[in-house]
Amino acid sequence: MVIPAILSHTGAAKILLERLPIKTTACTGGLAICGQILPLPYDSKEVQGGWFAGDICYDPSGDWLSIYLGGDNAKPYLQEVFLGQLGDEVGLNSCRP
């Protein structure tokens, strides 16, 4: 499956781009598609608390790549590294400010 996206300029996103295409077994919980990947190096300043609909994030606590399809969750204990945003072709209205 090809997922159109715009990646950020962070170091973690650049490494992700170098590793494409990625193969993983993914699961969905209704609001997200998640799959484990090889660890991504990241700067601790890039960690944010939560996500918005349309975000592509990396959770370093379990090496999870997540694509958020709906809702938003801005809780400080949710440690995510923002990697990018789904492309407009996907048809989601982003909640990212």
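Residues numbered from 1 in each chain as written. Predicted model: local features only at pLDDT ≥ 70, side-chain atom pairs only at ≥ 80, totals over all residues. Heavy atoms only, no water.

Engineer: What should I look at first to understand the UniProt feature "domain: Cyclophilin-like" (unreviewed entry) in the protein in this one?
Structural biologist: With numbering aligned to this structure, UniProt lists the feature "domain: Cyclophilin-like" (unreviewed entry) at residues 3-86. In the segment residues 3-86, helix accounts for 11% and strand for 43%; the C-alpha atoms at its two ends are 7 Å apart. (UniProt positions renumbered as here; feature names shortened; annotations may be inferred. Helix = DSSP H or I, 4+ residues; strand = E, 2+ residues; numbered from the N terminus.)

Engineer: Hey, could you run me through a nonpolar patch on the surface in this one?
Structural biologist: Taken together, L17, L20 and I22 make up a surface patch of nonpolar side chains, about 260 Å² in accessible area. Its location among the elements puts I22 in the loop between α1 (11-19) and β2 (26-28). (Patch = residues over 30% accessible without salt bridge, like charges linked within 9 Å, V, L, I, M, F, W, Y side chains within 5 Å. Areas by Shrake-Rupley, 256 points an atom, 1.4 Å probe, with all protein chains shown as cover. Salt bridge = Lys/Arg side-chain N within 4 Å of Asp/Glu carboxyl O.)

Engineer: Explain the pairing of strand β3 (residues 32-36) to me, please; I cannot follow it from the model alone.
Structural biologist: In summary, the side chains of a regular strand alternate between the two faces of the sheet. As paired elements, β2 and β3 share three bridges and run antiparallel to each other. Each bridged residue has a counterpart across the sheet, and for C27 the counterpart in β3 is C34. If you look at the hairpin formed by β2 and β3, you'll find three residues sitting between the two strands, and G30 has a positive phi there, around 100°. As defined by bridge partners, β3 adjoins strand β7 (residues 64-68) across five bridges and the pair is classed as antiparallel. Looking at β7, one finds that A32 is bridged to Y68. (Pairing = 2+ DSSP bridges.)

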